[in-house]
Amino acid sequence: MDFLRSLFARMQGLGSGPVEQVLDELSLEGMARYIQSGDCKNIICMVGAGISTSAGIPDFRSPGTGLYSNLQKYDLPCPEAIFEIGYFKQHPEPFFTLARELYPGQFKPTVCHYFMCMLKEKGLLMRCYTQNIDTLERMAGLEEKDLIEAHGTFHTSHCLNVLCRKEYGLPWMKEKIFSEEIPKCEKCNSLVKPDIVFFGESLPARFSSSLRSDFPRCDLLIIMGTSLSVQPFASLVMKVPPKTPRLLINREKTGESDSLMSFMGIGGMDFDSEKAYRDVAFLGSCDDGCLALAEKLGWKDELVAMVTREHAAIDAAEGGGASASAANQSSGDGEKGPVPEQKDKPAEQTGAREREKEE
């Protein structure tokens, strides 16, 4: 009802007037100054598969390289079927074959993951809402209280028999997956599924309860590596207060509203119109975007050192191996560390940055 009242007021021009613009400039520099102003105390990060691609994990929808483009070998009725609960119950083999290829623990967190940990260390991260099931946020150092795993986790698994629902831990499931054995319940012999959310299943209860308390208090929303095409996760960009700045770090713009929704004032993100006042887009890889923002904040050296240190610790714990070579990659400015090199084409930063703020 409150939503409808607000909608009708906007359509009739009865709103409360212009929304306060808290950024002094719609640019990455403006975002950095706002973060350092003292007024930005609660940052929420919304992240998707794009933050893990530099770790070697494919995203879902990139043409040619995305996960959905490379599932032909599983002879699925459609690519999405591998994550549909009805199909899984009848044909679990494709999912567990894929799980063996992408299983958590085989990859290292990226610059983007460690940037979020840096926000936490500096007391700025309220929460990370992730669509990912690769657990790299946890591996980087974010704790249970820091995370809302909107699409579930591999950390626990449950029997699908509603009369049983026996729980199993990560080591048990890992052993089943890598022995190429379909996991069956030891109590009732029913199928056991990791606690990741398939199409056709409800999101975790903590997702709904947390967003109701977190988003009204958000001072800055950072969206990284997501197409914002899956609901209800995509709608979260509209849950923050009207004056809260929103930064998109992604290879392409996303989350923008259509003309009708914009007219009604209920649309998504607005980077380029004359009415834009809070949204900024950095177009490039998530790692490059985090490095660029860290540089504006004066944190880049600290971030590169963190990534180098943590990757070395992971390599040492695993006894080295081929993955150790990542520690010798260049950060792109002569510093040594596991930071990806900048691409030949510089990232584009948009958000009406060339337009001076009107008086």
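To start, this report covers the structure provided alongside it. (Residues numbered from 1 in each chain as written. Predicted model: local features only at pLDDT ≥ 70, side-chain atom pairs only at ≥ 80, totals over all residues. Heavy atoms only, no water.)

Attention shifts here to unusual backbone geometry. Cis geometry is adopted by the peptide bond preceding Pro-232, which originates at Gln-231 and carries an omega value of 5°. Tracing the backbone shows Pro-232 in the loop between strand S7 (220-224) and strand S8 (246-250). A positive phi angle is found at Leu-228, which is not glycine, with a value near 50°. Topologically, Leu-228 is positioned in the loop between S7 and S8. (Helix = DSSP H or I, 4+ residues; strand = E, 2+ residues; numbered from the N terminus.)

Turning our attention to the nonpolar core. Grouped together as the largest cluster of nonpolar side chains are 47 residues, with contacts concentrated most on Cys-45, Phe-115, Leu-119, Ile-222, Met-224, Trp-299 and Leu-303. Ranked by residue count, the leading element in this core is helix H5 (residues 111-121), at eight residues. Excluding residues that lie within four positions of it along the chain, Ile-222 makes contacts with Ile-43, Ile-44, Cys-45, Met-46, Leu-119, Leu-247 and Ile-249. (Core = buried A, V, L, I, M, F, W, Y, C linked by side-chain atoms within 4.5 Å. Buried < 20%, exposed > 50% of the residue type's maximum accessible area, 1.4 Å probe, protein only. Contact = heavy atoms within 4.5 Å.)

Attention now moves to the environment of Arg-212. Mapping Arg-212 onto the fold places it in helix H8 (residues 205-214). The exposed category is assigned to Arg-212, whose relative accessible area is 59%. Through-space distance from the C-alpha of Arg-212 to that of Lys-239 is 8.6 Å; in sequence the pair is 27 residues apart.

For any two helices packed against each other, one specifies the crossing angle of their axes together with the interaxial distance. Look at helix H2 (residues 28-35) against helix H10 (residues 286-297): their axes get within 9 Å of each other, and the N-to-C directions meet at 55°. By the angle between their directions, the pair H2 and H10 is classed as oblique. As H2 runs across H10, the sense of the crossing is right-handed. Contacts from Leu-28, Glu-29, Ala-32 and Ile-35 of H2 reach H10 at Ala-292, Leu-293, Lys-296 and Leu-297. Its residues assigned to classes, the contact of H2 with H10 comprises six nonpolar, no polar and two charged. (Axes fitted to C-alpha atoms, helices over the stretch in contact; angles between N-to-C directions. Parallel < 35°, antiparallel > 145°, perpendicular 65-115°, else oblique. Left-handed = near helix turned anticlockwise from the far one by under 90°. Nonpolar A, V, L, I, M, F, W, Y, C, P; charged D, E, K, R; others polar.)

Take it as geometry only, folks, not as evidence of what the structure does.
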